[in-house]
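# Working through the structure, step by step
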Amino acid sequence: MSKLTFGAGIWHFATYVDRYATDGYGAPKSLIEMIDLAGQVRDLSVVDINFPWSADISVEQVEAALARNNLSVIGITPEIYNREFSKGAFTNTDAGVRRRANEVCNQAADLVRRFGASYVKLWPGQDGWDYPFQVDHRKLWQMSVEGIAELASQNPDLKFVIEYKPREPRVHMSYCSMARTLLGIEKMGVSNVGVLLDFGHALYGGESPADSAQLAIDHGRLFGMDVNDNMRSWDDDLVAGTVHPIELFEFFYTLRKNNWEGVWQLDQFPFREDCVEAANMAIDFLKRIDRALDRLDFAEMQEAQDRQDAMAAQKLAQDALFG
């Protein structure tokens, strides 16, 4: 069994609301309370933290909470998708709002340095469009690319990762697929921007997560990943492995085959479930996947794939994963 590092977005431990239960699925939690919950998860060692957080919580308080829970920070996710940026962050028609998005992301970059984190995670959920004829597609894409390229150039010492997603909150997001995101990064012409591949977003977008991972690896741009699960028709953020275990296994098979090393990170939204239990369950299954990779005969799998023998490959995968 390989030595693994497990992480989670700190929002895994938040209180959720939706358009029906607008009063939330539980009592509100502060960032400090979420960190303390994360500290209760077995084998969890890193977290991704949203920024900005509540003004009454200092950086020193966050550092103290992380320390007492033996947690470190892998990334800072600037909130460039809330009401302030409801008409776009990097693609907003208001130059002042675009400057504000840049400012928030640079503040997040300073926190990455302070925490010794790995990257700034960019999820520009409001950059895109909703209706035909709403936007000039060339201009919108140009702003999407230039906004992130500017950030990368301002912070050459840091890594930035783009988490793509087909839709939500925009009906169509600018960074909607692996291929489009890689094209955008190539156009930026910078070395410190990569992709954070969300397993569920790939499923939701009709991709094979394993194929998307291979594509990013082949371009040297797979800087991080999140795992979860869904029913493919929406970004449900269910517990990893509960719906598509065999595809999750193929995803991690692809990572190991390419000697990709990074944090196995959870991006789950346990609306109605105990958040600590949901994280423990996911991590336990990820450990099972890692043990199955140890059992899998990679050479035999390669031979089956070279023949494109679906049944032979399936049997090898199923025997390794399920016994």
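The preceding data block contains the structure.
Here's what I pulled together on the structure shown here. (Residues numbered from 1 in each chain as written. Predicted model: local features only at pLDDT ≥ 70, side-chain atom pairs only at ≥ 80, totals over all residues. Heavy atoms only, no water.)

Along an α-helix, residues three or four positions apart point the same way, because every turn accommodates 3.6 residues. Taken residue by residue, helix 2 (residues 59–68) has Val 59, Val 62, Ala 65 and Leu 66 as its buried positions. The arc that holds every buried residue of helix 2, seen down its axis, measures 125°, which confines them to one face. Residues of helix 2 that are exposed and point over 90 degrees away from its buried face: Ala 67 and Arg 68. On its buried face, helix 2 sits against helix 1 (31–38), strand 2 (44–51), strand 3 (72–78) and helix 3 (95–115). Among the residues trailing helix 2, Asn 70 stands out with phi positive, at a value near 55°. (Buried < 20%, exposed > 50% of the residue type's maximum accessible area, 1.4 Å probe, protein only. Helix = DSSP H or I, 4+ residues; strand = E, 2+ residues; numbered from the N terminus. Arc of directions from axis to C-beta. Contact = heavy atoms within 4.5 Å.)

In space, the eight strands of this closed barrel follow the order 1-2-3-4-6-8-9-10, with parallel pairing throughout. On average, each strand axis in the sheet is inclined to that of its neighbour by 30°, with strand direction left out of account. Here strand 8 (residues 193–198) runs beside strand 9 (residues 222–227); their pairing, made up of four bridges, is parallel. By the bridge assignment, Leu 196 is partnered in strand 9 with Gly 224. (Pairing = 2+ DSSP bridges. Axes fitted to C-alpha atoms, helices over the stretch in contact; angles between N-to-C directions.)

Turning next to the packing of helix 4 (residues 137–154) against helix 5 (residues 178–188). Contact pair helix 4 / helix 5: the axes reach a minimum separation of 9 Å and the direction vectors enclose 60°. Accordingly, the angle class assigned to the pair helix 4 and helix 5 is oblique. As helix 4 packs across helix 5, the resulting crossing turns out to be right-handed. Contact residues: Trp 141, Val 145, Ile 148 and Ala 149 in helix 4; Arg 180, Gly 184, Lys 187 and Met 188 in helix 5. Of the residues contributing to the contact of helix 4 with helix 5, the split by class is five nonpolar, one polar and two charged. (Parallel < 35°, antiparallel > 145°, perpendicular 65-115°, else oblique. Left-handed = near helix turned anticlockwise from the far one by under 90°. Nonpolar A, V, L, I, M, F, W, Y, C, P; charged D, E, K, R; others polar.)

Where charged atoms from two side chains of opposite charge come close, those side chains can pair. Taken as a whole and judged by the stated rule, the model has 19 salt bridges. In this structure, Arg 114 and Glu 60 form a salt bridge, with 3.3 Å as the shortest nitrogen-oxygen distance. On the criterion of sequence distance, the pair formed by Arg 114 in helix 3 and Glu 60 in helix 2 is long-range, its members being 54 residues apart. Residue Glu 60 is classed as partly exposed on the basis of its relative accessible area of 47%. Under the relative-accessibility criterion, Arg 114 is labelled partly exposed at 43%. Salt bridges here are not isolated pairs; linked through shared partners, they connect Asp 48, Lys 121 and Glu 163. (Salt bridge = Lys/Arg side-chain N within 4 Å of Asp/Glu carboxyl O.)

Next up on the list: the packing of aromatic side chains. The relation between two aromatic rings is expressed through the spacing of the ring centres and the mutual angle of the planes. Tallying each qualifying case throughout the model produces 13 aromatic pairs. Here a set of aromatic residues connected by ring pairs shows up, and it is made of Phe 6, Phe 199, Phe 251, Phe 252 and Trp 264. Across from the ring centre of Phe 223, 4.8 Å away, lies the NZ or CZ of Lys 159, which sits over that ring. Here the guanidinium or amino end of Arg 180 rests over the ring plane of Trp 141, the centre of that ring lying 4.1 Å away. (Phe/Tyr/Trp six-rings, centres within 6.5 Å; stacked < 30°, edge-to-face > 60°. Lys NZ or Arg CZ within 6 Å of the ring centre and 35° of its normal.)

Both trends apply: most residues other than glycine have a negative phi, and most peptide bonds are in trans. The omega angle of the peptide bond from Phe 51 to Pro 52 is 0°, so this bond is cis rather than trans. Here Pro 52 is to be found in the loop between strand 2 and helix 2. Residues other than glycine seldom take positive phi values, yet Asp 237 does so here, at roughly 55°. As for its position among the elements, Asp 237 is in the loop between strand 9 and helix 8 (245–257). The class of Asp 237 is buried, set by a relative accessible area of 7%. Phi at Asn 259 takes a positive value of approximately 55°, unusual for a residue other than glycine. Judged by its relative accessible area of 64%, Asn 259 is exposed.

Over its 13 residues, helix 8 runs 18 Å from end to end, which matches the ideal 18 Å to within 8%, given 1.5 Å per residue. Of all the residues in helix 8, the buried ones are Glu 247, Leu 248, Phe 249, Phe 251, Phe 252, Tyr 253, Thr 254 and Leu 255. Once helix 8 finishes, Asn 259 follows within two positions and takes phi at roughly 55°, a positive value. (Expected span 1.5 Å × (residues − 1).)

Now for the environment of Arg 272. Here Arg 272 lies in the loop between strand 10 (264–266) and helix 9 (275–295). With relative accessibility at 62%, the residue Arg 272 sits in the exposed group.

Another aspect to go through is the pairing of strand 6 (residues 159–162). With four bridges connecting them, strand 4 (residues 119–122) and strand 6 associate as parallel partners. In the sheet register, Leu 122 faces strand 6, and the bridge partner there is Ile 162. Here three bridges tie strand 6 to strand 8, and the two strands are oriented parallel to one another. Bridge pairing in strand 8 links Ile 162 to Val 195.

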